[in-house]
Amino acid sequence: MEATTAAPKKRILSCIQPSGIPTLGNYLGALKNWKTLADEFDGAFAVADLHAITVRQEPAQFRKQINDVLALLLAIGLDPDQSILFIQSQVPAHSQLAWILNCYTQFGEMSRMTQFKDKSQSHADNVNVGLFAYPVLMAADILLYQADLVPVGADQKQHLEIARDIAQRFNTLYSPTFTVPEPYIGKQGARVMSLQDPLKKMSKSDPNPKSYISVFDAPDVISKKIKSAVTDSEGSVRFADGKEGINNLMAIYACCTGLTNEQIEADFAGKGYGDFKAAVAEAVIEELRPIRERYERYSNDKAYLKEVAAQGAERASRVANRTLQKVMKKIGFVLP
Ligand code: TRP
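Residues numbered from 1 in each chain as written. Predicted model: local features only at pLDDT ≥ 70, side-chain atom pairs only at ≥ 80, totals over all residues. Heavy atoms only, no water.

**Observations concerning the site of the ligand**
Part 1: Taken together, L13, S14, C15, Q17, A48, H51, Y134, M138, D141, I142, V150 and Q156 make up the full set of residues adjacent to the ligand.
Part 2: Between the ligand and the protein, one listed contact pairs a nitrogen atom with a side-chain N or O atom of D141 at 2.6 Å.
Part 3: Burial of the ligand by the protein amounts to 87% of the accessible area it has alone, namely 360 Å².
Part 4: Counting residues per element, the ones that place at least two in the shell around the ligand are strand 1 (11-16) and helix 7 (129-144).
Part 5: A total of 4 residues in the shell around the ligand trace back to one element, the largest contributor, which is helix 7.
Part 6: Taken together, the residues of the shell around the ligand sort by class into 7 nonpolar, 4 polar and 1 charged. (Near = heavy atom within 4 Å. Polar contact = N/O pair within 3.5 Å; in protein donor to acceptor, adjacent residues only side chain to side chain. Areas by Shrake-Rupley, 256 points an atom, 1.4 Å probe, with all protein chains shown as cover. Helix = DSSP H or I, 4+ residues; strand = E, 2+ residues; numbered from the N terminus. Nonpolar A, V, L, I, M, F, W, Y, C, P; charged D, E, K, R; others polar.)

The following block contains the structure:
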């Protein structure tokens, strides 16, 4: 009998910036899926701390946030023996390849990045070169691991496009070196909107903390925030234009319970927003409870986090350095 060899799993890579505690929106929109992706693909997941210094960070706070995000990756169920879990700055190849790729990226291309244009307006006092070259560092993150797939939200699509362009350019100029990454469009994660202004995306940088739920909010805080969420005066739980507040709560509820909008409408027919909000709060509390509990355990175990990061950096470096060496050789650098 002929042995059938299973096709190797595709590599998927994603990174999260350690810039504050993620919101329910970050969780339902992206992080919740990472565990599934880790099971289906060959996963590499990183804390993108180098990206975070394009805006000023207070050192002690920054250090805590990096550890917290690593603890969060463990808390959502990622297994450091299964996937490569690492902290970007602990793998020098990211900075090294980013510099090299800077020299294969045009000023004009970077100037057209909408996120750069937006951020240079919102941080007008600190439009640094790192902010400008940010997408090149992101391309290095992706290309070092020969990632086939990158799960991206709408705001990162343009950056992935650039990573693809840079990869193709390098491959054409020399010879095939980089896998050209594809966007991973998976199960639609919820696009969670602000609880106070449901026309805006939920954001942890919103000055009004009632507008967002952080993944580590305590149950009573979650209840209060959902209770004060903006709705409408119609009083019936149904998904429709002009009912953005209710639509948003329905999306959150659907994502936490697996129910469809039709089922939710049927379950709450004849009931008021008070009942519905109580149910949404309960579902969100139960969704986040195990994550918060595991996070508390991991984030207090500094020795374990250090060990996970060290092991991850070593595994990541092995893959990344292989790509970096290839690149350097092709360009003509003298290797040690
Ligand atoms: N720029 C991404 C964000 O802000 C984070 C990120 C950095 C990333 N490097 C990446 C995402 C590589 C995917 C792949 O969300």
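Here the narrative resumes, following the displayed structure.
**Some thoughts on the side chain of T105**
Part 1: Along the chain, the position of T105 falls in the loop between helix 4 (93-102) and helix 5 (107-111).
Part 2: We classify T105 as buried; its relative accessible area is 11%.
Part 3: A polar side-chain atom of T105 sits 2.7 Å from the main-chain carbonyl oxygen of L101.
Part 4: Not counting residues up to four positions away in its chain, the partners in contact with T105 are M110, V136, I166 and R169. (Buried < 20%, exposed > 50% of the residue type's maximum accessible area, 1.4 Å probe, protein only. Contact = heavy atoms within 4.5 Å.)

**Some thoughts on helix 9 (residues 219-227)**
Part 1: Listing the buried residues of helix 9 in full gives I222, K225 and I226. All buried residues of helix 9 project into a common sector of 95° when viewed along the axis, lining one side. Facing away from the buried surface of helix 9 by more than 90 degrees, the exposed residues are K224 and K227.
Part 2: Against the buried residues of helix 9 lie helix 10 (244-257) and helix 12 (273-299). (Arc of directions from axis to C-beta.)

**Re the packing of aromatic side chains**
Part 1: One pass over the full model with this rule turns up 14 aromatic pairs.
Part 2: Taken together, the ring pairs in this structure connect Y104, F170, Y174 and F178 into an aromatic cluster.
Part 3: Stacked on the ring of Y212, the Lys or Arg K225 has its end atom at 5.2 Å from the ring centre. (Phe/Tyr/Trp six-rings, centres within 6.5 Å; stacked < 30°, edge-to-face > 60°. Lys NZ or Arg CZ within 6 Å of the ring centre and 35° of its normal.)

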